[in-house]
Amino acid sequence: MSDIGIIIVTYNSSAEIGACLEAALATGAEIVVVDNASQDGTIAEVARRGVRFVANSENRGFAGAVNQGFAELKNPFVLLLNPDAVIQSSLEPLRLACELPGSAGAGGQLVDATGQAQVGFMVRRLPTAAVLALEALLLNRIWPGNPVNRRYRCLGLDISSRSTVEQPAGAFFMVRRAVWQELGGLDENFYPLWFEDVDFCRRIQDRGFCLYYIPEAVAKHTGGHSVTHLPLEMRLIYWYRSLLRYSAKHFRPFAFRAVCLAVVTGSFLRGIAESASNRSFKPMLAYGKVAGFAARCLFCGS
């Protein structure tokens, strides 16, 4: 048995999973695919390559599917790999980083189709209330170079050198099984997706472990393929609901309510702006539901 296992969670991923699996198989690692009730040809693509898979009859969410994958594997080091990520290097640098004293895991370098590093995504700091408030209020989009956003997205990171980091991207992230078991895996309350990996990294830090960024480990990453299958309204509701759940779990009550207020305000601003640019009331209606949910959290708590 290889020391390394790979978990790939799929959801209508037939267009991406083939290349992902071909590269993953070449590493010699043990692989399990957990499918969240895909309606396309994903399972057929996986079965064609002889890879072990778990086919859920309903969408268990990303966290639930990853936890299922861990239950299927016994390897001491497990790589979480998105179906739109294609491994370009050996996984040995990640495994060695996981064996460093105090290490819980490591993430590698993600590059786009042109080979450019996905700076701002592949490594981030853990979000503060100020970061999430600025994100909700559109300020990070209007002024992406602001000091809070630069620090959060690690825009000054030397991507050519190994670094201790707070939050490697979950798209290409190796974890020590012992740490995973100690923390109880991903929190399945972040359903169906978003912020479950951020929460896991936060809990890793709270336990006193460290995480690494390893530039020698590389994967080509497209990003966001599953999200495009969701209607706009559901995308917004899922993202903001997980954002607020993370805030309630890790911030003090005052900071949590400040984030709620920012989401309410930002939702109105985004709804008006996107409805005007799209000449449709759909964005306004969708953001209205987000604002209503955030307002309930503001006055009633999490």
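Residues numbered from 1 in each chain as written. Predicted model: local features only at pLDDT ≥ 70, side-chain atom pairs only at ≥ 80, totals over all residues. Heavy atoms only, no water.

Caption draft 1: Region of interest: helix α11 (residues 253–278). Compared with the 38 Å implied by 1.5 Å per residue over 26 residues, the 36 Å span of α11 between its first and last C-alpha is a close match. Residues of α11 that are buried: Phe256, Val259, Cys260, Ala262, Val263, Val264, Gly266, Ser267, Arg270, Gly271 and Ser275. Looking at the packing, one finds that the buried side of α11 touches α5 (129–136), α6 (139–142), α10 (232–250) and α12 (282–300). Backbone geometry just downstream of α11 places arginine 279 in the positive-phi region, at approximately 50°. (Helix = DSSP H or I, 4+ residues; strand = E, 2+ residues; numbered from the N terminus. Expected span 1.5 Å × (residues − 1). Buried < 20%, exposed > 50% of the residue type's maximum accessible area, 1.4 Å probe, protein only. Contact = heavy atoms within 4.5 Å.)

Caption draft 2: How the structure looks around the packing of aromatic side chains. Counting across every chain of the model gives six aromatic pairs. Aromatic side chains phenylalanine 195 and tyrosine 246 sit 5.7 Å apart centroid to centroid with 40° between the ring planes, which places their arrangement in the tilted category. In this pair, phenylalanine 195 is assigned in the loop between α8 (177–183) and α9 (196–206) and tyrosine 246 in helix α10, connecting sequence segments 51 residues apart. In this structure tyrosine 246 comes out as buried when scored by relative accessible area, which is 0%. (Phe/Tyr/Trp six-rings, centres within 6.5 Å; stacked < 30°, edge-to-face > 60°.)

Caption draft 3: Broad picture of the pairing of strand β10 (residues 172–176). Among the five residues in β10, four count as buried, and that is most of the element. Bridge count between strand β4 (residues 77–81) and β10: five bridges; the pairing is antiparallel. Residue pairing in the sheet places leucine 81 in a bridge with phenylalanine 172 of β10. (Pairing = 2+ DSSP bridges.)

Caption draft 4: The arrangement of the side chain of glutamine 167 in detail. When you line up the elements, glutamine 167 lands in strand β9 (residues 167–168). Here the side chain of glutamine 167 touches arginine 125 through a polar contact of 3.1 Å, landing on its backbone oxygen. Residues contacting glutamine 167, with those up to four places away along its chain left out, are Met122, Val123, Arg124, Arg125, Leu126, Pro127, Tyr152, Val198 and Cys201. (Polar contact = N/O pair within 3.5 Å; in protein donor to acceptor, adjacent residues only side chain to side chain.)

Caption draft 5: Structural detail: the nonpolar core. Grouped together as the largest cluster of nonpolar side chains are 89 residues, with contacts concentrated most on Ile6, Leu81 and Phe172. Residues within four places of isoleucine 6 in sequence aside, it is in contact with Ala24, Thr27, Ala29, Glu30, Ile31, Val32, Leu73, Leu79, Leu81, Ile87 and Leu91. (Core = buried A, V, L, I, M, F, W, Y, C linked by side-chain atoms within 4.5 Å.)

Caption draft 6: Quick look at the packing of α11 against α12. Close contact between α11 and α12 brings their axes to 8 Å; oriented N to C, the two are set at 170°. The angle between α11 and α12 places the two elements in the roughly antiparallel class. A class-by-class count of the residues in the contact of α11 with α12 yields 17 nonpolar, four polar and three charged. (Axes fitted to C-alpha atoms, helices over the stretch in contact; angles between N-to-C directions. Parallel < 35°, antiparallel > 145°, perpendicular 65-115°, else oblique. Nonpolar A, V, L, I, M, F, W, Y, C, P; charged D, E, K, R; others polar.)

Caption draft 7: How the structure looks around a nonpolar patch on the surface. Judged by side-chain polarity, Ile272, Phe281, Met284 and Leu285 come together as a nonpolar surface patch covering roughly 450 Å² of accessible area. On the secondary structure map, phenylalanine 281 appears in the loop between α11 and α12. Given a relative accessible area of 62%, phenylalanine 281 falls into the exposed group. (Patch = residues over 30% accessible without salt bridge, like charges linked within 9 Å, V, L, I, M, F, W, Y side chains within 5 Å. Areas by Shrake-Rupley, 256 points an atom, 1.4 Å probe, with all protein chains shown as cover. Salt bridge = Lys/Arg side-chain N within 4 Å of Asp/Glu carboxyl O.)

Caption draft 8: Region of the structure containing the pattern of salt bridges. The tally for this structure, following the rule as stated, stands at 15 salt bridges. Residue arginine 52 pairs with glutamate 30 through a salt bridge whose shortest N-O separation is 2.4 Å. In this pair, arginine 52 sits in strand β3 (residues 52–56) while glutamate 30 sits in strand β2 (residues 30–36), placing the two residues 22 residues apart along the sequence. Owing to a relative accessible area of 31%, arginine 52 belongs among the partly exposed residues under this scheme. Between glutamate 99 and arginine 95 there is a salt bridge, with the nearest N and O atoms lying 3.0 Å from each other. What you see here is one network of salt bridges that share partners, running through Glu22, Glu45, Arg48 and Arg49.

Caption draft 9: Quick look at unusual backbone geometry. Of the consecutive residues tyrosine 191 and proline 192, the connecting peptide bond is found in the cis state with omega at -5°. With a phi angle near 50°, asparagine 12 is a residue other than glycine that sits in the positive phi range. In this structure, asparagine 12 sits in the loop between β1 (4–10) and α1 (14–26). On the accessibility criterion, asparagine 12 (12% relative accessible area) is buried. In this model, leucine 138 sits at a positive phi of 75°, which is unusual for a non-glycine residue. Mapping leucine 138 onto the fold places it in the loop between α5 and α6.

Caption draft 10: Quick look at the pairing of β3. As paired strands, β2 and β3 are joined by five bridges and run parallel to one another. Pairing of valine 33 across the sheet is with phenylalanine 53, part of β3. With respect to chirality, the unit in which β2 leads through helix α2 (residues 42–48) into the neighbouring parallel β3 is right-handed. (Right-handed = clockwise from strand over helix to strand, strands pointing away.)

Caption draft 11: Looking closely at the packing of α9 against α10. Between α9 and α10, the least distance of the axes is 10 Å, while the angle of their chain directions is 15°. Relative to α10, the element α9 lies roughly parallel. Relative to α10, the crossing made by α9 is right-handed. The residues of α10 that touch α9, namely those facing Val198, Asp199, Arg202 and Arg203, are Tyr246, Lys249 and His250. (Left-handed = near helix turned anticlockwise from the far one by under 90°.)

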